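# Chains, contacts and geometry: an overview
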Amino acid sequence: GSQGWAVHPSNGSQAPILGDDQIGGFRREMAIYYRPQALKTLYSKLIVEGRKGIDGHIALVVTGELGNGKSDKFYFDTGSFLLFRLESWVGERTQETLSFSDYNEVDGMKIPFTTQVQRPNSYTLIKVSEVKHNTAIEESIFNPPGPRQR
């Protein structure tokens with residue numbers, strides 16, 4: 001889509017309409033999980049940097065150039081070839097590190113059930129208990145939420 005919004009899962013507060021940079025970040029994240037072949041269209045250049053030891057892994061490091069002077073770094077475990085770390089830009093000034101672990105197979109796909117998100121002033125731990133693919137979704141879920149009721 002061309003516009004988006006966010007609702008905080010713990011308190012239901014609504015964020016303003018998301019900007020192009022934030023929507024671009026979500027597109028990149030979804031491509032990483034579900035359409036890795038699309039990475040070629042989301043980055044102006046992908047460069048294999050080589051191998052590096054990090055957090056007990058031997059990582060294959062790939063840099064994706066965003067075309068705006070910034071780049072994201074992907075760290076793939078050389079034993080499993082699963083992504084275990086992503087250093088990514090959110091907007092123009094904020095860099096975040098996402099660490100992926102606890103991969104489980106769902107419908108033949110390996111999905112990380114634990115994601116740690118580290119930003120300069122915050123840390124978020126995301127734990128997934130269940131993943132379902134291709135379930136029916138009501139069309140109304142795509143409508144922006146109205147003002148929060150008190």
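To be clear, the structure that these remarks concern was listed above.
First, a word on scope: everything that follows refers to the structure included in this document. For every chain, the first residue of the written sequence is number 1, and numbering continues from 1 along that sequence. Confidence filtering applies because this is a predicted model: local features only for residues at pLDDT of at least 70, side-chain atom pairs given and counted only at 80 or more, and all residues used for totals across whole chains, interfaces and linings. In computing side-chain properties, one takes all heavy atoms of the structure into account and sets aside hydrogens as well as water.

## Focus on the overall build of the chain
- Secondary structure elements follow DSSP: runs of H or I of four or more residues count as helices, runs of E of two or more count as strands, with numbering from the N terminus. A count of helical and extended segments in the chain gives two helices and seven strands.
- Walking the chain from its N terminus toward its C terminus, one meets helices and strands in the order α-α-β-β-β-β-β-β-β.
- Of all intrachain contacts in the chain linking residues separated by at least 6 positions in sequence, the fraction that spans at least 24 positions is 22%. Contacts are assigned to residue pairs with any non-hydrogen atoms lying within 4.5 Å of each other.

## Points about the side chain of Glu96
- Relative to the helices and strands, Glu96 resides in strand β5 (residues 94-106).
- In terms of polar contacts, Glu96 uses its side chain to reach the side chain of Arg119, at 2.8 Å. Residues adjacent in sequence count toward polar contacts only when both atoms are side-chain atoms; beyond that, a polar contact is any pair of N or O atoms within 3.5 Å, and within protein one must be able to donate a hydrogen and the other to accept it.

## Remarks on the packing of aromatic side chains
- For this analysis, a ring pair means two rings from Phe, Tyr or Trp (six-membered ring only for Trp) whose centres lie within 6.5 Å, classed as stacked if their planes differ by under 30 degrees, edge-to-face if by over 60, and tilted for the remaining angles. A complete count under the given rule lists three aromatic pairs for this structure.
- Between Tyr43 and Phe74, the aromatic rings sit 5.7 Å apart at their centres with planes inclined by 80°, giving edge-to-face as the arrangement. Of this pair, Tyr43 sits in the loop between α2 (39-42) and β1 (45-54) while Phe74 sits in strand β3 (residues 71-77), and the two are 31 residues apart along the sequence.
- Three labels apply to residues, based on accessible area from a 1.4 Å probe with only protein chains included: buried if under 20% of the type maximum, exposed if over 50%, partly exposed otherwise in between. Phe74 sits in the buried class, given a relative accessible area of 2%.
- Both rings, one in Tyr75 and one in Phe84, keep their centres 6.4 Å apart while their planes meet at 55°; by these two values the pair is tilted. The pair Tyr75 / Phe84 is uniform in exposure class, with both members buried.
- Ring pairs connect the aromatic residues Tyr43, Phe74 and Phe76, which therefore count as one cluster.
- In this structure, Lys70 packs its charged tip against the face of Trp89, placed 4.2 Å from the ring centre. Criterion for a charge above a ring: Lys NZ or Arg CZ within 6 Å of the ring centre, and within 35 degrees of the ring normal.

## So, the environment of Val90
- Inspection of the secondary structure puts Val90 in strand β4 (residues 83-90).
- For Val90, a relative accessible area of 22% gives the class partly exposed.
- Residues Val90 and Gln22, 68 residues apart in the sequence, show an inter-C-alpha distance of 6.3 Å.
- Val90 has contacts with Glu96 and Arg119, leaving out every residue within four places of it along the chain.

## Examining the pattern of salt bridges
- Each salt bridge in this description consists of a side-chain nitrogen of Lys or Arg and a carboxyl oxygen of Asp or Glu lying within 4 Å of one another. For the structure on display, the rule yields two salt bridges.
- With its nearest N and O atoms 2.4 Å apart, the salt bridge here joins Asp55 to Arg85. Of this pair, Asp55 sits in the loop between β1 and β2 (57-65) while Arg85 sits in strand β4, and the two are 30 residues apart along the sequence.
- Two residues, Glu96 and Arg119, come together in a salt bridge whose shortest N-O distance is 2.8 Å. With a gap of 23 residues between them, Glu96 in strand β5 and Arg119 in strand β6 (residues 109-119) connect regions that are remote in the sequence.
- Residue class for Glu96 comes out buried when judged on its relative accessible area of 3%.
- Residue Arg119 is classed as partly exposed on the basis of its relative accessible area of 33%.

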